[in-house]
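# Close look at the chain arrangement
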Amino acid sequence: MNILFITNHLNVGGVTSYVFSLCRGLKKLGHNVYVASSGGDCLTRFTEEGIIFIPVPIMAKSEINVFKIGISFFKLLKDIQEKQIQIVHTNTRVTQVLGNLLKRKTGVIHVTTWHGFFKRRWFRRVFPCWADKIIAVSEQVRAHLLSEFKARQENIRLIYNGID
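My aim in this report is to walk through the structure given alongside it, one point at a time. Not measured: the values here are computed from a predicted model.

## Here we look at the environment of Gly-107
Assignment of secondary structure puts Gly-107 in the loop between helix 4 (93-106) and strand 5 (109-114). Distance in space between the C-alpha atoms of Gly-107 and Val-94 is 19 Å, their sequence separation being 13 residues.

Quick look at the structure:
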C-alpha cells in the first residue's frame, strides 16, 4: 500500500514522534511510506529509515492560509497521482484542510489524527474537513470531537499513543 503522511514540520515534538513511529512501523510491514512537510530537525531520522520525503511549504498556524495550502495541494496532487497514493494521513488542523481537499479531488482515503483540542471557530464549523476515519488519542479528545464538533461517532477510533 502507498501511504502519505502530511504534517506541518518534522521538528522535535509529539506529532513528529507519532508520525515517525507510524511511518517506521508501516515501512517495516512492507508499505511504501511518504511524508510531506516543511522539513525540520528530525528529517534525517525519516530518510534513514527509507521514508520518502516530499517537501511542501505547509508550515502554517492557520487553516485559512490559502497560499501555503494551495501550493502544497498542487504539489501533492501530482505526487498522489504519480506515486499512486491510496491513503493520506493528516495530523494537524492545517493538514486536515489540505487532506480534505486532496480527498475531494482524487478520491484518496483520508485519515486524520486529533492530538488535542481545537476551539470551535467559524471556519471550522463551515468547513469542518472531516476525514473518512478519525483517530482520537484519548477518551477526552474523542468526547471533544463528539460534543464540540458533532463528529460522527462511527468514524472515530480511539487509539492511545504507544511507546516502541
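## Some words on the environment of Arg-157
Residue placement: Arg-157 occurs in strand 7 (residues 156-158). A C-alpha to C-alpha distance of 8.1 Å links Arg-157 and Arg-142, two positions 15 residues apart in sequence. Once residues within four sequence positions are removed from consideration, Arg-157 is found in contact with Lys-133, Ile-134, Ile-135 and Ala-136.

## Remarks on unusual backbone geometry
Glycine aside, residues mostly have negative phi angles, and peptide bonds mostly take the trans form. In this structure, Gln-84 takes a positive phi of about 50 degrees despite not being glycine. By the element assignment, Gln-84 lies in the loop between helix 3 (66-82) and strand 4 (87-90).

Each value, and the rule that gives it
Residues numbered from 1 in each chain as written. Predicted model: local features only at pLDDT ≥ 70, side-chain atom pairs only at ≥ 80, totals over all residues. Heavy atoms only, no water. Helix = DSSP H or I, 4+ residues; strand = E, 2+ residues; numbered from the N terminus. Contact = heavy atoms within 4.5 Å.

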